[in-house]
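So you can see what is in the structure, the chains are spelled out below.
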Amino acid sequence: MDIGLVQASLSLASGLLVGFSLGLIGGGGSILAVPLLIYVVGVRDTHVAIATSAAAVAASALANLLLHARGGSVKWRCASLFAAFGIIGAAAGSTMGKMTQGDLLLGLFGLVMIIVGLSMIREKSGGSDPDVRLTAATALRLTPRLAAGGFVVGALSGFFGIGGGFLVVPGLVAATAMPILNAIDSSLVSVTAFGATTAANYALDGLINWPIAGFFIGGGAMGGWLGTRASHSLAARKRTLTYIFSAVVILVGVFVTGEWVTTALL
């Protein structure tokens, strides 16, 4: 798939915007990737937009995981088990996504955007067990919870082509009672795995625009660096920025869903 200079520039700028929002306020920023690819970059096929977004999200999450892993806050065993069952769910969900009509898939994606925007407004709370570990002694208690949560979240992530971090974090907390900081950093394992699985499944049918994905990922890397630097100086206003960003996500979700409903009625 060849792209022109304008589309390459728009891909780079869109990736920069998503990366900046992720670096500035954390999770939820990648939800804008699909509408940006469709309405700004000009990707006309919803499935291609979702697949390309999934590839970009996986790359971004992996880069962030490598950074956070150094701090020792990732609960690797719990995160890996959650992700392992989530990969099965993501494979199933993305297969269902490929079988779903593009217009319907985009309309449902708009509804997800509204839900994500609303979830960002809520204060996130963590568990009370900072020492939780997946061991032989805790496996009987933790494994069913991690497996069930991982599969469900992975399926939703694969179907919509999103990272699913806004679901992975509460899923990990509910399953293990780990603190919110551990859950946020550990969620990157799943976001990387789910995005990669979804992208690979779509790639089998040639549904990823790799040049656009490359520029989007490049822009995301630059935006993430800028957003992270900005977050330090704007730390006192982070909650306000989150409210503003969640409002943008909700409004875009309403637009996408409204367009789908209008098209269906006409």
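Residues numbered from 1 in each chain as written. Predicted model: local features only at pLDDT ≥ 70, side-chain atom pairs only at ≥ 80, totals over all residues. Heavy atoms only, no water.

J.: I would appreciate a short explanation of helix α2 (residues 33-41) in the present structure.
T.: A turn of α-helix holds 3.6 residues, and therefore any two residues three or four places apart point the same way. Burial analysis of α2 places 7 of its 9 residues in the buried class, the great majority of the element. Listed as buried for α2 are A33, V34, P35, L36, L37, I38 and V41. Following α2 by one or two positions, G42 has its phi on the positive side, about 95°. (Buried < 20%, exposed > 50% of the residue type's maximum accessible area, 1.4 Å probe, protein only. Helix = DSSP H or I, 4+ residues; strand = E, 2+ residues; numbered from the N terminus.)

J.: So what exactly am I meant to see when it comes to helix α3 (residues 46-69) here?
T.: For α3, built from 24 residues, the straight-helix expectation of 34 Å at 1.5 Å per residue is met to within 8% by its first-to-last C-alpha distance of 34 Å. Its side-chain oxygen placed 2.8 Å from the backbone nitrogen of H47, D45 serves as the N-cap of α3. (Expected span 1.5 Å × (residues − 1). Polar contact = N/O pair within 3.5 Å; in protein donor to acceptor, adjacent residues only side chain to side chain.)

J.: Any chance you could explain the pattern of salt bridges here in plain terms?
T.: Two side chains bearing opposite charge may form a pair once their charged atoms approach each other closely. Summed over all chains, the structure comprises 1 salt bridge. Note that D205 is salt-bridged to K98, the shortest N-O span being 2.8 Å. Taken together, the residues D205 in the loop between α8 (180-203) and α9 (210-233) and K98 in helix α4 (residues 76-99) connect sequence positions 107 residues apart. (Salt bridge = Lys/Arg side-chain N within 4 Å of Asp/Glu carboxyl O.)

J.: Help me understand the packing of α3 against α9, please; the structure alone is not making it clear to me.
T.: For any two helices packed against each other, one specifies the crossing angle of their axes together with the interaxial distance. One way to put it is that α3 packs onto α9 with a least axis distance of 9 Å and a crossing angle of 35°. In the crossing of α3 with α9, the sense of the turn from one axis to the other is right-handed. Residues T52, A55, A56 and A59 of α3 pack against W210, I212, A213, F216 and I217 of α9. (Axes fitted to C-alpha atoms, helices over the stretch in contact; angles between N-to-C directions. Left-handed = near helix turned anticlockwise from the far one by under 90°. Contact = heavy atoms within 4.5 Å.)

J.: When you look at the nonpolar core in this model, what are you seeing that I'm missing?
T.: Considering soluble globular proteins, one finds that nonpolar side chains tend to be buried as a cluster. Counting 36 residues, the largest nonpolar core has I31, L32, V34, L37, V43 and F109 as the members making the most contacts within it. Taken together, the elements giving at least two residues each to this core come down to α2, α3, α5 (102-121), α6 (139-160), α8, α9 and α10 (238-265). When residues no more than four places from it in sequence are discounted, the contact partners of F109 are I31, V34, P35, F160 and I162. Membership of the second largest hydrophobic core comes to 27 residues, among which are L81, L146, V168 and V169. (Core = buried A, V, L, I, M, F, W, Y, C linked by side-chain atoms within 4.5 Å.)

J.: How should I be thinking about the environment of V249 in this particular structure?
T.: Looking at the element boundaries, V249 is found in helix α10. Remark: the alpha-carbon pair of V249 and F82, spanning 167 residues in sequence, is separated by 27 Å. Every residue in contact with V249, bar those within four places of it in the chain, is listed here: I31, L32, M113 and G117.

J.: Can you walk me through the side chain of T257 in this structure?
T.: Assignment of secondary structure puts T257 in helix α10. Other than its neighbours up to four places away in sequence, T257 contacts G107, G110, L111 and I114.

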